[in-house]
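Examining the three-dimensional arrangement
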Amino acid sequence: MQAYEFINNLIPPLKLSDKTRKALAWMEEIRTDVLPVVDQGHFLGLLRDEMIFELNDLDKDILGIVPENPNCWVFSDKHIYDVLKASAEHHSNIVAVVDRDMTYLGVVTMEDAISAFADSLSIQSQGSVLILSLNMTDYSLAEISRVIETENTKVLSSFISSDPLDDSKIKLTLKLDKPELRHIKATLERFGYKILDHYQEETGVSSEEDRIGNLLRFLDI
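As a starting point, this report considers the structure included with it. (Residues numbered from 1 in each chain as written. Predicted model: local features only at pLDDT ≥ 70, side-chain atom pairs only at ≥ 80, totals over all residues. Heavy atoms only, no water.)

Moving on, we come to helix H6 (residues 182–190). Buried within H6 we find Ile 184, Thr 187 and Leu 188. The arc that holds every buried residue of H6, seen down its axis, measures 95°, which confines them to one face. In this structure, H6 carries Arg 182 and Arg 190 as exposed residues pointing more than 90 degrees from its buried face. Buried residues in H6 make contact with strand E6 (128–135), helix H5 (141–149), strand E8 (169–176) and strand E9 (194–200). Of the residues trailing H6, Gly 192 is marked for its positive phi of about 90°. (Buried < 20%, exposed > 50% of the residue type's maximum accessible area, 1.4 Å probe, protein only. Helix = DSSP H or I, 4+ residues; strand = E, 2+ residues; numbered from the N terminus. Arc of directions from axis to C-beta. Contact = heavy atoms within 4.5 Å.)

Take the sheet that holds strand E4 (residues 94–98) next. What the three strands build is an open sheet, ordered E3-E4-E5; its pairing is mixed. For this open sheet the edge positions go to strand E3 (73–75) and strand E5 (104–109), each flanked by a neighbour on one side alone. Taken pair by pair, the neighbouring strands of this sheet meet at an average axis angle of 30°, ignoring direction. In this sheet, E5 lies alongside E4 in antiparallel orientation, the contact comprising five bridges. By the bridge assignment for E5, Val 95 is matched with Val 108. (Pairing = 2+ DSSP bridges. Axes fitted to C-alpha atoms, helices over the stretch in contact; angles between N-to-C directions.)

Strand order in the open sheet formed by four strands is E7-E8-E6-E9, and the pairing between neighbours is antiparallel. The open sheet has two edge strands with one neighbour each: strand E7 (155–162) and E9. Averaged over all adjacent pairs, the angle separating strand axes in this sheet is 20°, with direction ignored. As defined by bridge partners, E7 adjoins E8 across seven bridges and the pair is classed as antiparallel. The residue bridging Val 155 from the neighbouring strand is Leu 176, located in E8.

Turning our attention to the packing of aromatic side chains. For the structure shown, the criterion picks out two aromatic pairs. Ring geometry for Phe 43 versus Tyr 104: centroids 6.4 Å apart, planes at 15°, classification stacked. Here Tyr 104 lies in strand E5 and Phe 43 lies in strand E2 (residues 42–48), a separation of 61 residues in the sequence. When the ring of Trp 73 is compared with that of Phe 75, the centres are 5.0 Å apart and the planes differ by 75°; the resulting orientation is edge-to-face. Directly above the ring of Phe 75 sits Arg 100, whose terminal nitrogen or CZ lies 3.8 Å from the centroid. (Phe/Tyr/Trp six-rings, centres within 6.5 Å; stacked < 30°, edge-to-face > 60°. Lys NZ or Arg CZ within 6 Å of the ring centre and 35° of its normal.)

Here's what the structure looks like:
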């Protein structure tokens, strides 16, 4: 799940000697509004179509434009989660990937990153999602899994986030392999766990849009 595994080779980098006309043509061809700018193998930042439109000069060299988000990159050996983090921090749909010598390798799109992250969290699998609220000191995935397994159900993946309603607590989101939650909820509550929400899935994910929707729901965004 390292970043370099998900580089999108269909998105070309712009050189400083390229014209804005060429940049817009590429953007239209691959249906994007942003392209990376690279000089001698080094990532300089991102060029958006709106920056070109503001110039109103299709014969201007890319050299004359200061690209944005020069820090929107990750090392090639970083996890795909770091790509999502960089994307969110810089409000960008693409993130550059560089090696440890800072040589540009390519970009990962937000769509590819979400798809990969969804795969790693078993989002496409049938089952259900359960969200618990608990103190960090009480968190033990092994113990929670043991309780859930008494109902012949397994935890496929888990995700921890802060509880916006209580700084002293965390939200634990669990992906389970069974769609039926009634007995599991009762068992967890009997052991003192507070259930915030749950989602039951009767059928598998049928499209990329469904997969992304399920990921956002899994992360409780």
